[in-house]
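Examining the three-dimensional arrangement
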Amino acid sequence: MTPRVVAVVPAYEEEDAIGAVVAGIREFDPEIDVVVVDDGSGDRTAELAAAAGATVVRLPFNLGIGAAVQTGFRYALEQDYDVAVRLDGDGQHEPGELPKLLEPLERGEADVVTGSRFREAGSYRPPLGRRLGITWFAKLVSLLSRQRVTDTTSGFQALNRPAIALFARDYPSDYPEVEATVLLLKHRLRLTEVQVEMRERETGSSSITFLSSLYYGIKVTLALFVGMARRSAVPTEEAPR
Amino acid sequence: MTPVRISIAAAIGSVLLILIVLELIRGRRLKERYALLWLATGLVLLVLSLWRGGLNTIAGWLGVSGYPPAILFAAAIMFVIAVLLHYSTVLSRLTDDNVLLAQEVALLRARVDALEREEAREPATEPRAG
């Protein structure tokens with residue numbers, strides 16, 4: 001039996017992009033259900049996502065990217081999907097790259113597969129500030145996890161059931177991908193990266209501006225070390241929630 | 001030695017604090033669990049301001065030679081910090097609960113929407129039991 005796959009798409013005020021994102025996924029593979037988590041948008045994000053054929057989960061107010069993504073994973077858990085793939089609502093992740101993410105899961109080689117922009121030299125060159133941050137966290141996480149991790153900020157991920165269950169219960173808040181990576185490894189889930197191409201943002205600007213990237217850099221570094229100091233947990237059976 | 005007027009003023013302040021906290025609890029505007037730290041603050045300050053010899057002795061232990069009432073301020077500040085820290089933990093928990101509630105509401109609403117769409121597509125011919 002083929003696994004049931006759901007695409008989790010967090011979106012905050014992405015009315016210009018969301019329709020094409022949903023349509024792109026459905027066009028690529030109509031078997032993949034799409035759930036758009038509308039993070040309290042004031043625009044027509046939810047309406048256009050639904051029109052394009054997605055299930056829409058509308059958060060009553062803005063919770064931030066981490067909690068929005070987690071909502072999607074909770075949906076995947078509730079609806080009993082085998083695999084969840086996360087794509088951003090701004091269209092930077094290509095549905096055409098999905099097979100690369102899904103293959104290692106199907107072969108049972110990994111619990112989470114991340115689409116990395118930096119595994120090999122690709123065409124994506126982020127601005128200096130972001131590149132520094134990305135490098136810093138990649139080195140730090142690689143060191144903490146004793147495994148080569150090149151892109152800790154990528155939101156382009158595929159997860160199997162144990163990983164969905166973990167993230168449904170516990171997912172970091174803002175700028176969550178870095179901490180989530182460490183969380184995974186602490187729970188002894190296997191992470192694999194595959195090289196992918198990402199599109200430049202079609203609309204809007206990245207949610208991370210320069211000053212806030214400094215703030216997040218410090219906050220996430222702190223969270224990483226605190227996270228490492230936390231009692232390491234064994235998959236899925238511990239702590240309520 | 002602590003000037004008597006400072007002791008009196010501090011004692012009045014402490015009693016006022018205790019009375020206000022008790023009144024807030026009585027009027028159900030403050031939950032007991034959040035009031036305990038405030039009551040402890042009031043009581044400790046009251047004891048320190050009335051027990052003048054004790055204040056001097058503690059000041060001596062801590063090497064505060066010139067001005068024993070400084071111990072009163074130090075105790076008050078310590079308690080305020082404790083209360084604030086306590087509030088930060090309460091806030092953090094409330095934030096987490098709030099996120100959880102919002103997610104739960106959103107997921108439930110999505111399920112209701114789906115059910116209603118299903119219902120609209122194939123209207124139930126018989127009235128539902130229950």
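Look a little higher up for the structure.
In this text, all values refer to a predicted model and were calculated from it rather than measured experimentally. (Residues numbered from 1 in each chain as written. Chains lettered and ligands numbered in written order. Predicted model: local features only at pLDDT ≥ 70, side-chain atom pairs only at ≥ 80, totals over all residues.)

We now examine the overall build of chain A. When you go through chain A residue by residue, the secondary structure sums to 8 helices and 7 strands. Residue pairs in contact within chain A that sit at least 24 positions apart in sequence constitute 75% of those at least 6 positions apart. (Helix = DSSP H or I, 4+ residues; strand = E, 2+ residues; numbered from the N terminus. Contact = placed C-beta atoms within 7 Å.)

For chain B, the count of helices and strands is 4 helices and 0 strands. Written out in order from the N terminus, the α and β elements of chain B read α-α-α-α. For chain B, whose C-alpha radius of gyration is 27 Å, the value lies well above the compact-globule estimate of 14 Å for 130 residues. Dimensions of chain B, computed from the C-alpha atoms along their principal axes, are close to 90 × 30 × 15 Å. Burial statistics for chain B: of 130 residues in total, 15% are counted as buried. Of the contacts formed within chain B by residues at least 6 apart in sequence, a portion of 62% connects residues at least 24 apart. (Rg over C-alpha atoms; globule rule 2.2 N^0.38 Å. Buried ≥ 20, exposed ≤ 12 C-beta atoms within 10 Å, placed from the backbone.)

All names here are of chain A. Its place among the elements puts Ser-145 in helix H5 (residues 128-145). Separated by 110 residues in the primary sequence, Ser-145 and Val-35 have C-alpha atoms spaced 31 Å apart. Among all residues touching Ser-145, those that are not within four sequence positions of it are Val-182 and Leu-185.

So, on to the pairing of strand E4 (residues 83-86) of chain A. Residue and element names in this part refer to chain A. Burial of the side chains of E4 extends over both faces: Val-83 and Val-85 are buried on one face and Ala-84 and Arg-86 on the other. Pairing of strand E1 (residues 5-11) with E4 involves 4 bridges; the strand directions are parallel. Considered in E4, the bridge of Ala-7 is made with Val-85. (Pairing = 2+ DSSP bridges.)

For the rest of this paragraph, the subject is the packing of helix H3 (residues 65-78) of chain A against helix H6 (residues 161-169) of chain A. All names here are of chain A. Contact geometry of H3 with H6 gives a least axis separation of 8 Å together with a crossing angle of 130 degrees. In terms of orientation, H3 lies oblique with respect to H6. Crossing hand, H3 versus H6: left-handed. Touching Gln-70, Phe-73, Arg-74, Ala-76 and Leu-77 of H3 are Ile-164, Ala-165, Phe-167 and Ala-168, all from H6. Taken together, the residues of the contact of H3 with H6 sort by class into 7 nonpolar, 1 polar and 1 charged. (Axes fitted to C-alpha atoms, helices over the stretch in contact; angles between N-to-C directions. Parallel < 35°, antiparallel > 145°, perpendicular 65-115°, else oblique. Left-handed = near helix turned anticlockwise from the far one by under 90°. Nonpolar A, V, L, I, M, F, W, Y, C, P; charged D, E, K, R; others polar.)

Let us look at the interface of chain B and chain A. Between chain B and chain A, the residue contacts involve 8 residues of the former and 14 residues of the latter. In the side of chain B that touches chain A, the residues fall into 6 nonpolar, 1 polar and 1 charged.

Another aspect to go through is the nonpolar core. Residues Val-8, Val-9, Val-35, Val-36, Ala-84 and Val-85 of chain A are the most contacted members of the largest nonpolar core, which totals 71 residues. Looking at this core element by element, the count peaks at 7 residues for H3 of chain A. Each residue touching Val-85 of chain A, except ones within four places of it in the same chain, is listed here: Val-5, Ala-7, Val-8, Leu-98, Leu-101, Gln-157 and Ala-158 of chain A. The next biggest cluster of nonpolar side chains, apart from the first, holds 7 residues, and it includes Ala-10, Leu-55, Ala-59 and Ile-71 of chain B. (Core = buried A, V, L, I, M, F, W, Y, C linked by C-beta atoms within 7 Å.)

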